[in-house]
Number of protein chains: 2
Amino acid sequence: MSLNIALWQGPSPEGSDDRAFAALDAALTAAAAMGAVTLVAPEVFFPGYNQSDIPAKAQVRGGPWHQRLAKLARTHGCGIVIGYAEREGGAIYNSAVAFDGQGHEIGHYRKVQLFGPREKAIYAPGDAVSTFDLQGIRTGMLICYDIEFAPLVRKLAEAGAKLVLVPTANPEPNTHVSRLVVPAHAINHGLTIAYANYSGTEGDITYCGASVIAAPDAAVLAAAGPGPVLLVTDIARAPDPALLQTQLQDHRPI
Amino acid sequence: MSLNIALWQGPSPEGSDDRAFAALDAALTAAAAMGAVTLVAPEVFFPGYNQSDIPAKAQVRGGPWHQRLAKLARTHGCGIVIGYAEREGGAIYNSAVAFDGQGHEIGHYRKVQLFGPREKAIYAPGDAVSTFDLQGIRTGMLICYDIEFAPLVRKLAEAGAKLVLVPTANPEPNTHVSRLVVPAHAINHGLTIAYANYSGTEGDITYCGASVIAAPDAAVLAAAGPGPVLLVTDIARAPDPALLQTQLQDHRPI
């Protein structure tokens, strides 16, 4: 049994839908060739994490970005998990959407832990996590800073998640998130985490790259350096049982 | 400017040419979609590193394996660097061949540092390194154990190599080669090293995976865990000049 997951790390499209979809088209071609069930891409990839005027550019769930993403997923027969700026009524959310390889939306999530004054000025926070089925694997999404909050990972674990897919926009020098936090939360909660960052510079932000896929025994299944990288790896290997633990069995609330 | 390199880590084809070419076809499709100039694959991938009866299965340079590899590279417009068991007259070599994206052989190398009694019983050692042009980058090949011998890396650096591509078949528990030796030799000799291992088990060998691409400042550009992985990364980033050094400028022979 195998389950391949792809992860794309590259520069922000900086507001260009053409650049965004060209990059995703190439990455999905590669992911599909390797039999990946889904491709994970960065946070607010539409229109680009650090773009100005996000509220004016945000789109509704199911809007033009989603329609084009659904079509792209269907064309390649490979799912996609990706961040976008969502408008609903008067509110803007930092959201992630999951399409399956038939182009159906199978998951949607709004970032709970907004980071810093800029995000808090633009976005309203989400208030829930949810899970969906990814080829037999119960799966959840978080976004960037969320992953640094164990209670969110725990919520997903309690909901049965064995896989957490995380679009991110993590600036230099915060590689500790990839090196330490992601593998630590994977082993502490008994699940696999795929964390997909940008590379390069967008306005006043230089991203640290370092995208990573960590297994439930904290093994790093694939990892990126600072530059553009595509990773595809099988996440279905059996971890060392001696290293498997989960806080669910042993949590003593205080 | 960018230069994308792909690296495939997966199980041995265990003597099946069909399995070998199917795996390479998928990996080259992915590599080409990401604009990679070449794909690096493991040592003695033909017929499989740990197969019995290697002398009977070995083929001449330019034989059927090479003809099929050349065609595959041309079909995808992406080069390939891969290990095979070479027969020349009465001798068998542990060799690597490089084809460009037009299917021309651009490089050929015979492993100098044979590892352990089994390899020494099967293969004759090579006696030279060589370099070739890979889209403007002077490039050399080494094979597995070779990379642990600094004089071989130095020979390539003296010949102007800025990139060393290394098919390998590295068993558990030797991840120190990927974690330490490859990045150390990259920074000590001022070049990029891509080291492509197997995953999984073949006969009495379990491979440790951990394929890696390390930059001239020792930055790990992409890294694999224990399982099947495809990596594609841009190797043309500018390393931190403060971290760049080369022993060529300062070598005092004793």
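Here the structure is a predicted model, which means the values were calculated and not measured. (Residues numbered from 1 in each chain as written. Chains lettered and ligands numbered in written order. Predicted model: local features only at pLDDT ≥ 70, side-chain atom pairs only at ≥ 80, totals over all residues. Heavy atoms only, no water.)

The subject of this paragraph is the overall build of chain A. From N to C terminus, chain A includes six helices and 14 strands. Taken against the 2.2 N^0.38 rule, which gives 18 Å for 254 residues, the C-alpha radius of gyration of chain A at 17 Å falls within 12% of a compact globule. Carbon together with sulfur atoms contributes 53% to the accessible area of chain A, which is approximately 9,700 Å² in total. One finds the centroid of the 18 positive side-chain charges in chain A at a distance of 3 Å from the centroid of its 23 negative side-chain charges. (Helix = DSSP H or I, 4+ residues; strand = E, 2+ residues; numbered from the N terminus. Rg over C-alpha atoms; globule rule 2.2 N^0.38 Å. Areas by Shrake-Rupley, 256 points an atom, 1.4 Å probe, with all protein chains shown as cover. Lys, Arg positive; Asp, Glu negative; His and termini not counted. Charge placed at Lys NZ, Arg CZ, Asp CG, Glu CD.)

On to the pattern of salt bridges, then. A complete count under the given rule lists 14 salt bridges over all chains for this structure. For the salt bridge of R68(A) with D18(A), the shortest nitrogen-to-oxygen distance reads 3.8 Å. Here the residue R68(A) occupies a position in helix 3 (residues 64-76), and D18(A) occupies one in helix 1 (residues 17-33), the gap between them amounting to 50 residues. In this structure R68(A) comes out as partly exposed when scored by relative accessible area, which is 39%. Since its relative accessible area comes to 58%, D18(A) is described here as exposed. Residue E158(B) is joined to R154(B) by a salt bridge in which the shortest nitrogen-to-oxygen separation is 3.0 Å. Of this pair, E158(B) and R154(B) both sit in helix 5 (residues 150-158), four residues apart, which is roughly one turn of the helix. Residue classification places E158(B) among the partly exposed residues on the basis of a relative accessible area of 48%. Ionic contacts of the salt-bridge type, sharing partners, join the residues E43(A), K111(A) and E119(A) into one network. (Salt bridge = Lys/Arg side-chain N within 4 Å of Asp/Glu carboxyl O. Buried < 20%, exposed > 50% of the residue type's maximum accessible area, 1.4 Å probe, protein only.)

With that settled, consider unusual backbone geometry. Residues E172(A) and P173(A) are joined by a peptide bond in cis, for which omega reads 0°. Along the chain, P173(A) turns up in the loop between strand 8 (163-167) and helix 6 (176-189). In this structure, P47(B) follows F46(B) across a cis peptide bond, with omega equal to 0°. Turning to its location among the elements, P47(B) is positioned in the loop between strand 2 (36-40) and helix 2 (54-57).

This paragraph deals with the nonpolar core. Judged by nonpolar contacts, the single largest core of 94 residues is most densely connected at L142(A), I147(A), L142(B) and I147(B). In this structure, L142(A) is in contact with Y109(A), V129(A), I147(A), L152(A), V153(A), L156(A), V164(A), L165(A), V166(A) and P167(A), ignoring residues within four places of it in sequence. Grouped together as the second largest cluster of nonpolar side chains are 83 residues, F21(B), L24(B), L28(B) and F45(B) included. (Core = buried A, V, L, I, M, F, W, Y, C linked by side-chain atoms within 4.5 Å. Contact = heavy atoms within 4.5 Å.)

Here we come to the side chain of E43(B). Residues and elements named next belong to chain B. On the secondary structure map, E43 appears in the loop between strand 2 and helix 2. For E43, a relative accessible area of 0% gives the class buried. At 2.7 Å, the side chain of E43 and the side chain of K111 are in polar contact. For E43, the residues in contact, after removing those within four places along its chain, are Y49, G83, N94, K111, E119, I143, C144, P167, T168, A169 and Y198. (Polar contact = N/O pair within 3.5 Å; in protein donor to acceptor, adjacent residues only side chain to side chain.)

Moving on: the pairing of strand 2 of chain B. All names here are of chain B. Most of strand 2 sits out of view: five of its five residues are buried. Pairing analysis gives four bridges linking strand 1 (residues 4-9) to strand 2, with the strands arranged parallel. Bridged to L7 within strand 2 is V40. The β-α-β motif built from strand 1, the intervening helix 1 (residues 17-33) and the parallel element strand 2 has right-handed crossover chirality. In the sheet, strand 2 pairs with strand 3 (residues 79-88) via three bridges, with the strands oriented parallel. From the neighbouring strand, T38 faces strand 3, where its bridge partner is G79. (Pairing = 2+ DSSP bridges. Right-handed = clockwise from strand over helix to strand, strands pointing away.)

Each copy superposes on the other: chain B lies on chain A with an RMSD of 0.0 Å after a rotation of 180° and an axial shift of 0.0 Å. Given the turn and translation reported, the copies of this chain are related as if by a two-fold rotation axis. Considering only C-alpha atoms, the part of chain B nearest the rotation axis is A30(B), at 1.8 Å. Taken as a fraction of all interface residues of chain B, those also at the interface in chain A reach 100%, which identifies the copy contact as same-surface. (Least-squares fit on C-alpha atoms with pLDDT ≥ 70 in both.)

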